[in-house]
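The residues making up each chain are set out below.
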Amino acid sequence: YKRQIYPYLCKHVSCLKPAIYEFSDAKTIKTEQKNGLIKEEIKTITIGHSCEDHFDDVKKLLKEIHRGQRE
(Lines give C-alpha, C1' and ligand atoms only; values in the text may rest on other atoms or scores of the structure.)
Protein backbone atom coordinates (compact mmCIF):
# COMPACT_ATOMS: atom_id res chain seq x y z
CA TYR A 1 0.00 0.00 0.00
CA LYS A 2 1.41 3.37 -1.02
CA ARG A 3 0.74 6.58 0.80
CA GLN A 4 1.48 9.90 -0.81
CA ILE A 5 3.19 12.43 1.40
CA TYR A 6 2.09 15.99 0.80
CA PRO A 7 4.36 18.87 1.71
CA TYR A 8 3.24 21.16 4.49
CA LEU A 9 2.35 24.58 3.14
CA CYS A 10 2.92 28.00 4.63
CA LYS A 11 0.02 29.17 6.85
CA HIS A 12 0.37 32.82 5.80
CA VAL A 13 -2.83 34.07 4.09
CA SER A 14 -2.83 32.44 0.64
CA CYS A 15 0.86 31.58 0.37
CA LEU A 16 1.21 28.12 -1.09
CA LYS A 17 4.96 27.78 -0.77
CA PRO A 18 6.29 24.61 0.85
CA ALA A 19 6.99 25.18 4.54
CA ILE A 20 10.45 24.80 5.99
CA TYR A 21 9.55 25.80 9.57
CA GLU A 22 7.20 24.02 11.96
CA PHE A 23 5.66 25.65 15.02
CA SER A 24 4.68 23.49 17.97
CA ASP A 25 3.19 23.82 21.43
CA ALA A 26 2.63 21.62 24.47
CA LYS A 27 -0.82 20.30 25.34
CA THR A 28 -1.86 18.55 28.54
CA ILE A 29 -3.97 15.46 27.96
CA LYS A 30 -5.90 13.96 30.87
CA THR A 31 -7.13 10.38 30.80
CA GLU A 32 -8.92 8.36 33.45
CA GLN A 33 -7.22 5.09 34.31
CA LYS A 34 -8.99 1.82 35.17
CA ASN A 35 -8.22 2.40 38.86
CA GLY A 36 -10.06 5.76 38.76
CA LEU A 37 -6.95 7.92 38.90
CA ILE A 38 -6.40 10.70 36.38
CA LYS A 39 -3.24 10.51 34.32
CA GLU A 40 -1.84 13.71 32.83
CA GLU A 41 0.53 13.63 29.88
CA ILE A 42 2.13 16.52 28.08
CA LYS A 43 2.15 16.03 24.33
CA THR A 44 3.82 18.14 21.69
CA ILE A 45 1.41 19.26 18.98
CA THR A 46 2.07 20.99 15.68
CA ILE A 47 0.16 24.26 15.34
CA GLY A 48 1.42 25.60 12.02
CA HIS A 49 4.04 25.85 9.32
CA SER A 50 5.72 28.65 7.39
CA CYS A 51 7.98 29.25 4.46
CA GLU A 52 11.19 31.24 4.87
CA ASP A 53 9.56 34.50 3.73
CA HIS A 54 6.70 34.46 6.26
CA PHE A 55 8.35 33.08 9.42
CA ASP A 56 7.76 36.23 11.51
CA ASP A 57 4.22 36.77 10.23
CA VAL A 58 3.12 33.19 10.95
CA LYS A 59 4.84 33.24 14.35
CA LYS A 60 2.92 36.41 15.29
CA LEU A 61 -0.38 34.97 14.00
CA LEU A 62 0.01 31.74 15.95
CA LYS A 63 0.96 33.61 19.14
CA GLU A 64 -2.20 35.73 18.86
CA ILE A 65 -4.40 32.69 18.23
CA HIS A 66 -2.98 30.52 21.01
CA ARG A 67 -2.48 33.27 23.58
CA GLY A 68 -6.22 34.01 23.36
CA GLN A 69 -7.09 30.35 24.01
CA ARG A 70 -5.07 30.25 27.21
CA GLU A 71 -6.57 33.31 28.84
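Scroll up to find the structure.
Let me sum up the structure you'll find in this document. The shown structure was predicted, so the numbers you read here are calculated from the model rather than taken from an experiment. Residue indices begin from 1 for each chain and proceed along its sequence in written order. The model is predicted, so local features are restricted to residues of pLDDT at least 70 and side-chain atom pairs to those at 80 or more, both for listing and for counting; the totals for chains, interfaces and linings are taken over all residues. Hydrogen atoms and water are omitted, and side-chain values are computed over all heavy atoms in the structure.

**What about the overall build of the protein?**
Defined as follows: Where helices and strands are cited, they refer to DSSP runs of H or I of at least four residues and of E of at least two residues respectively, numbered from the N terminus. The cut-offs for exposure are 20% and 50% of the maximum accessible area for each residue type, with area from a 1.4 Å probe on protein chains only; residues under the lower value are buried, those over the upper are exposed, and the others partly exposed. Contacts between residues were defined by any pair of non-hydrogen atoms, one from each residue, lying within 4.5 Å. Throughout, the Shrake-Rupley method with a 1.4 Å probe supplies accessible areas, and for residues the shown protein chains are the sole cover considered.
Looking only at helices and strands, one finds 1 helix and 2 strands in the protein. Shown N-terminal to C-terminal, the secondary structure of the protein runs as helices and strands in the order β-β-α. By the burial criterion, 17% of the 71 residues in the protein qualify as buried. In the protein, the share of contacts with a sequence separation of at least 24, taken over all contacts with a separation of at least 6, comes to 51%. Counting every atom, the protein has about 6,400 Å² of accessible surface; 50% of that belongs to carbon and sulfur.

**Observations regarding the layout of surface pockets**
The probe, sized like a water molecule, is rolled over the atoms to show the empty space still left. As a reminder, the rule being used: The way it works is a 1 Å grid over only the protein atoms, where trapped points that fit a 1.4 Å probe form a cavity and open points with protein on both sides within 12 Å along at least five of seven lines form a pocket, and then any residue with an atom within 4 Å of a point lines it. Grid points are joined across faces, edges and corners, and a volume is the space filled by probe spheres set on the points. Just so you know the grouping, Ala, Val, Leu, Ile, Met, Phe, Trp, Tyr, Cys and Pro go in nonpolar, Asp, Glu, Lys and Arg go in charged, and all remaining residues, Gly too, go in polar.
Its volume calculated, the largest pocket comes out at about 150 Å³. Looking at the largest pocket, it is lined by 10 residues, and the ones nearest its centre are Ile 47, Lys 59, Leu 62, Lys 63 and His 66. Mapped by element, the contributors of at least two residues to the lining of the largest pocket are β1 (21-32) and α1 (55-70). Top contributing element to the lining of the largest pocket by residue count: α1, with 6 residues. A class-by-class count of the residues in the lining of the largest pocket yields 3 nonpolar, 2 polar and 5 charged.

**Observations regarding the pairing of β1**
Here is the rule: For two strands to pair, DSSP has to find at least two bridges joining them.
Looking at chain direction, β1 and strand β2 (residues 38-50) are connected through 12 bridges and run antiparallel. Looking at β2, one finds that Ser 24 is bridged to Thr 46. Counting the residues that bridge the hairpin from β1 to β2 gives 5 residues, and of these Gly 36 lies at a positive phi of roughly 90°.

**Observations concerning the side chain of His 54**
As for its placement among the helices and strands, His 54 is situated in the loop between β2 and α1. Judged by its relative accessible area of 17%, His 54 falls in the buried class. In contact with His 54, other than residues within four places in its own chain, are Cys 10, His 12 and Cys 15.

**Details of the pattern of salt bridges**
For clarity, the cut-off: Think of a salt bridge as a Lys or Arg side-chain nitrogen and an Asp or Glu carboxyl oxygen that are within 4 Å of each other.
All told, the structure shown has 3 salt bridges when counted by the stated rule. Between Glu 40 and Lys 30 there is a salt bridge whose closest N-O contact spans 3.7 Å. Placement of Glu 40 in strand β2 and of Lys 30 in strand β1 is noted, with a sequence separation of 10 residues between them. Among the salt bridges present, the one from Glu 41 reaches Lys 43, with a minimum N-O distance of 4.0 Å.

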